[in-house]
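Analysis of the macromolecular model
Each chain, letter by letter, is given below.
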Amino acid sequence: MAKTRVHDLAKEYGMTSKEMLDHLRDMKIPAKSASSTLEDAYVSIVRKKLKPILEDRAAQIEAAKKAEEEAAAEAKKAEEEAAEKERVAAEKRRERERAEEEKKRAAAEAARKRAEEEKKRATEKAAKERAEEEERNRVHDNAPKSMPTFTSLLDQIAQQEQVLKQQAEEAAQKKAEGQGRRERRSDSDHARSERKSYSAPSRMEQDGSPEQGEGRPGRKGRKGSRRGDEGEDRYSRMAREAEAYNRSRVLDEAREAVEEASRESTGRRRRRKERRQKQAEEAAEEKRIEEAIANDQDLSQLDTVKVPQGATVAQLAELLGVPANDIIKRLFLLGNPLTLTESMSDDLIELVADDLGRDVKVMTKEEENSFTFYDDPKDLKPRPPVVTVMGHVDHGKTSLLDAIRHTGVAEGEAGGITQAIGASQVKINGRTITFIDTPGHETFTAMRARGAKVTDIVILIVAADDGVMPQTVESINHAKAAGVPIVVAVNKIDKPGADPTRVRQELTEYGIIPEEWGGQNMFVDISAKKHIGIDNLLEAVLLEADVLELKANPDTFASGNVLEAKLDRGRGSVATVLVTRGTLHVGDALVAGMAYGRVRAMLDPKGNPVETAGPSDPVEILGLQSVPMAGDEFRVFQDDRDARDLADQRALKARIEEQNRVKHVTLENLFDTMADAEVKELNLIIKADVQGSIEALQDSLDKMDQSEVRINTIHAAVGAITETDVTLADASNAIIIGFGVRPDAKARAAAEREGVEIRTYSVIYKAIEDIDAARIGMLKPTEEEVQTGIAEVRDTFKVPKVGIAAGCMISEGEVSRDDQVRLVRDGIVVYEGKIASLRRYKDDVKSVKAGFECGIGLENFQDIHPGDQIEAYRVEEVARTE
Ligand SMILES: Nc1nc2c(ncn2[C@@H]2O[C@H](COP(=O)(O)OP(=O)(O)OP(=O)(O)O)[C@@H](O)[C@H]2O)c(=O)[nH]1
């Protein structure tokens, strides 16, 4: 019989071994230590006696739980209140922003008006100035530009001379009154003295010695001029000096005036140039605003200049409307001297533009070409509808498409019809309908996920003997999500148990209501097998198409989507494309995703070679140099260099993204990486469900031999592995170790993208073992966990005998009945084990794929909550490499 150890029993009662030993001693039960074993009889005594303790503990736990719940409820309430407050604040903020925006718009409008008025005024002023200038030029015909200044200077000089002459006369008069001998002097001498002494007073003032001069006996001017100051008459000397002084001053002033005049003239020229530039800018701005208004563009985006990636200095200058020198100067200051024809990096373009106070958007070739086409309504012509058939498995999708392909074909020919490409076309009443031959909503949704909306109408096929089934509902939801109208084909009406009315009834539950019952959907009863009602169905599709008024411009370069593509051994890259606009011709240069080429040959759905394909035509094209992907958009280019450039650019971008994935360290490559590295360190980020695990691991790591590789724990915390952890690991070349925790979806995607290794464990010793082995290059994994699928728990329900089961949606991959699973709640692993039941509605199924709903029961586990995640995985053997 199994024996129970003291410490196990203690654990069961949530007490320490010592406490348990004390109880045993009280009960007189022999036990020495925690590892002592107890007979079953003793164990049952203990259980009986300790029952009140257990109950007490349970009550405590219950109380604690209740308190916790209350606290949580309160916290939630507070959170809701805060959220409400935040919402109100956000609303107010938005209102403020709206008002601000309005204000800005009004200001912009006012500025524009002001600019207009200013422009008008400036034009008038300029005209006036021009008139005045012309007038002036007429007066001073042929005169140099500085002449007016000289003239005014000469006037000034004449005025000054007049003043000085007066002053000299006054001085002479004074002197004549004081000294009689002056009277004897000749008239000419007197006149000369008068002329020459006009600046005498100022000279005297300068010398500060009028008395001294007055006291000295005078000499004859002529004599004085020959023999120096001694014999010179005082006034003559003063006059001479004044004349010399004046001449140099006048010359200086004149020189200055000339300079000033020439400065003024260049200044004027500059100002004129600036004014003209400003006017041109304003006119350009006005034109842009007018164009933007005419094209319904967002006015706030107007200031952003679109610059193609790799633009040269000259191109950027032209786009920004600034002199190239301005850009070269800034590049020089930024330490990146470039010449006019050199191209600039994205960063440099942005830096320089920023420095110039301009907003730019560097456009990749992809962005440059990713505009939506605009067609003038008068160029639009009706086009055939494009139809996809959807429905539950075995309800007859393939049979219907087959029946449709045989429509209008004579019995004898029927056998010869082969489905050449992934789409077909039928003619009814002289009109064409295009069918996409990959039925089912997976393809439909996959295409839609890639941005390809090719289907105009969905035919929902429902077997009259089976009624609405799970995939019927899923198809409805997918069609509704894409906003595509549904025509219902009630199939298998030839079968004895067929009940078309029941189908109609059931579909009303999902909002699909027959027209005859006042709803929006056309219903047609058919038998795909017996070819009954097929024409009626096609007519219904045409009626629906009429409502949609499907149109496209056929007279332009073709564009559309790739429906499927493959590499054919004999023919190379083969792609089925659906033209949505324009007309595709043999010889056209086109790009589809990363593939580029010229259309070498085209085949229609019946496999016949054709020269052209218009809107809604599916064709198989040969000639692409690589294989595009289903859903890729294709476009024809006028110039095949543009097509090649775009394809190259896309391929280059993909390559760069691939290369940019830094090769991070993993436990497997640790040894080899360390062999090359100078610093031998292993960085770890540890995430665990409880603090204890972190401490236990850290403890073991500390004890590890770190002489060859130093182990650094750069971050350790309790909780799920998040995107931030991955970012940190990426930046510090670290490995993430998780205990009882899982990465969330974002973290998983980031780790995949950045090549960061995440290792999750449920036992510590296994992690230590792996790290230890990796350190010495001995990590040889023999098993590998392969994730198969993820199920999101949407709801839980009670199943008799099974207990609580989870109503799930498979969000990734495929979950199989025999997969191993773990239940993850908020990133923490709460259960690991097996699937007890996997069901689609009432049926047990082997597996369920992404996009489908199912019920999952877990083995011996009932604590499932909505919002939990069930991760399914398989453990696979890994072949040893050595
Ligand atoms: N009696 C009868 N049987 C039909 C009719 N249409 C289809 N079937 C049969 O139903 C079965 C399933 O038809 P499929 O066309 O393969 O159905 P499906 O929806 O394409 O099936 P999956 O491709 O598996 O999703 C085949 O055995 C058909 O012969 C019909 O109008 N009457």
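Residues numbered from 1 in each chain as written. Predicted model: local features only at pLDDT ≥ 70, side-chain atom pairs only at ≥ 80, totals over all residues.

Put simply, the rule reads: UniProt positions are given in the numbering used here, feature names are shortened, and annotations may be inferred rather than shown by experiment.
As annotated in an unreviewed UniProt entry, the protein is Translation initiation factor IF-2 from Tractidigestivibacter scatoligenes. Its UniProt record gives the protein the following Sequence similarities (unreviewed entry) comment, quoted word for word: "Belongs to the TRAFAC class translation factor GTPase superfamily. Classic translation factor GTPase family. IF-2 subfamily." In its Function (unreviewed entry) section, the UniProt record describing the protein reads: "One of the essential components for the initiation of protein synthesis. Protects formylmethionyl-tRNA from spontaneous hydrolysis and promotes its binding to the 30S ribosomal subunits. Also involved in the hydrolysis of GTP during the formation of the 70S ribosomal complex."

**Describing the nonpolar core**
Condition: By our criterion, buried Ala, Val, Leu, Ile, Met, Phe, Trp, Tyr and Cys residues that link up through C-beta atoms within 7 Å make up a nonpolar core. As a rule, residues whose C-beta atom has 12 or fewer other C-beta atoms within 10 Å are exposed, those with 20 or more are buried, and those in between are partly exposed; C-beta atoms are placed from the backbone. Where helices and strands are cited, they refer to DSSP runs of H or I of at least four residues and of E of at least two residues respectively, numbered from the N terminus. Start and end positions for the domains come from either an automated domain assignment or a database one. With C-beta atoms placed from the backbone, a contact is any residue pair whose C-beta atoms sit within 7 Å.
Counting residues in hydrophobic clusters, the biggest one holds 75 residues, and the most contacted among them are Leu460, Val488, Ala489 and Val541. Looking at which element gives the most residues to this core, the answer is strand β9 (residues 457-463), with 7 residues. When we break this core down by domain, the ones giving at least three residues each are domain 3 (384-551) and domain 4 (559-657). Residues contacting Ala489, with those up to four places away along its chain left out, are Leu400, Ile459, Leu460, Ile461, Val524, Ile526 and Leu537. Core analysis: the second largest hydrophobic core is formed by 29 residues, Ile685, Val709, Ile737 and Ala751 among them.

**So, the site of the ligand**
Selection criterion: Any residue qualifies as near a molecule or strand once its backbone-derived C-beta atom lies within 6 Å of it. In this classification, Asp, Glu, Lys and Arg are treated as charged, Ala, Val, Leu, Ile, Met, Phe, Trp, Tyr, Cys and Pro as nonpolar, and every other residue, Gly included, as polar.
Close to the ligand lie 15 residues, the nearest being Gly396, Lys397, Thr398, Ser399 and Lys529. Ranked by the residues each element gives to the shell around the ligand, the list is headed by helix α14 (residues 397-405), at 3 residues. Here the shell around the ligand is built from residues that sort into 2 nonpolar, 7 polar and 6 charged.

**Re α14**
Considered for burial, the residues of α14 that qualify are Lys397, Leu400, Leu401, Ala403, Ile404 and Arg405. If you follow the buried residues of α14, they end up packed against β6 (386-391), β7 (423-428), β8 (431-436), β9, β10 (486-491) and α19 (534-548).

**Observations concerning the sheet that holds strand β23 (residues 710-718)**
Worth spelling out the cut-off: Strand pairing is defined by DSSP finding a minimum of two bridges between the two strands. Lines fitted to the C-alpha atoms define the axes, with helices restricted to the stretch that makes contact. Angles between their N-to-C directions range from 0 to 180 degrees.
Spatial strand order, β23-β22-β24-β25: 4 strands in an open sheet with parallel pairing. Only two strands of the sheet have a single neighbouring strand rather than two, namely β23 and β25 (758-761). Averaged over all pairs of adjacent strands, the angle between their axes in this sheet comes to 25°, without regard to strand direction. With 8 bridges connecting them, strand β22 (residues 681-688) and β23 associate as parallel partners. Following the sheet pairing, Leu682 is matched in β23 by Ile711. Sheet strands in contact with helix α23 (residues 723-732) are β22, β23 and β24 (734-739), and its direction is about 145° off that of β24.

**Remarks on the sheet that holds strand β11 (residues 522-525)**
What the 6 strands build is an open sheet, ordered β7-β8-β6-β9-β10-β11; its pairing is mixed. Strand pairing shows two members of the sheet lacking a second neighbour, β7 and β11, which therefore form its edges. Averaged over all adjacent pairs, the angle separating strand axes in this sheet is 30°, with direction ignored. Summarising the sheet, β10 and β11 pair through 4 bridges and their orientation is parallel. Its bridge partner lying in β11, Ala489 is registered against Val524. Relative to the sheet, helix α18 (residues 500-508) contacts β9, β10 and β11, its axis offset from that of β10 by approximately 145°.

**Quick notes on the pairing of strand β32 (residues 853-858)**
The pairing of strand β27 (residues 803-816) with β32 spans 4 bridges and is classified as antiparallel. What sits directly across from Cys808, in β32, is Cys854. Across 4 bridges, strand β29 (residues 828-840) lies against β32 in antiparallel orientation. Counted as the bridge partner of Leu838 is Ile856 from β32.

**Section: the packing of helix α11 (residues 324-333) against helix α12 (residues 346-355)**
Basically, it comes down to this: Any angle between 65 and 115 degrees counts as roughly perpendicular, while under 35 counts as roughly parallel, over 145 as roughly antiparallel, and the rest as oblique. Crossing handedness is defined as follows: a turn of the near helix away from the far one that is anticlockwise and smaller than a right angle gives a left-handed crossing, while the clockwise case is right-handed.
The N-to-C vectors of α11 and α12 enclose an angle of 110°; their axes lie 10 Å apart at closest approach. The pairing of α11 with α12 is recorded here as roughly perpendicular in orientation. Considering only the axes of α11 and α12, their crossing is right-handed. In this structure, α11 contributes Ile327, Arg330 and Leu331 to the contact, and α12 contributes Leu348, Val352 and Asp355. Grouping the constituent residues of the contact of α11 with α12 by class yields 4 nonpolar, no polar and 2 charged.

**Things to note about the environment of Leu543**
If you trace the backbone, Leu543 turns up in helix α19. Once the C-alpha coordinates of Leu543 and Met522 are considered, the two residues, 21 residues apart in sequence, prove to be 9.4 Å apart.

**Overview of the environment of Val829**
Tracing the backbone through its elements, the reader meets Val829 in strand β29. For Val829, a count of 19 C-beta atoms within 10 Å puts it in the partly exposed group. For the pair Val829 and Val741, spaced 88 residues apart in the sequence, the C-alpha separation amounts to 5.3 Å. Excluding residues within four positions of it along the chain, Val829 makes contact with Gly740, Val741, Arg742, Arg822 and Val824.

**Focus on unusual backbone geometry**
Not every positive phi belongs to a glycine, and Asn429 is a case in point at roughly 50°. The topology assignment puts Asn429 in the loop between β7 and β8. By C-beta crowding, Asn429 is classed as exposed, having 8 other C-beta atoms within 10 Å. Here Tyr841, not a glycine, exhibits a phi torsion of approximately 55°, which is positive. Relative to the elements of secondary structure, Tyr841 occurs in the loop between β29 and β30 (843-844). On the basis of neighbour counts, which here come to 10 C-beta atoms within 10 Å, the residue Tyr841 falls in the exposed class.

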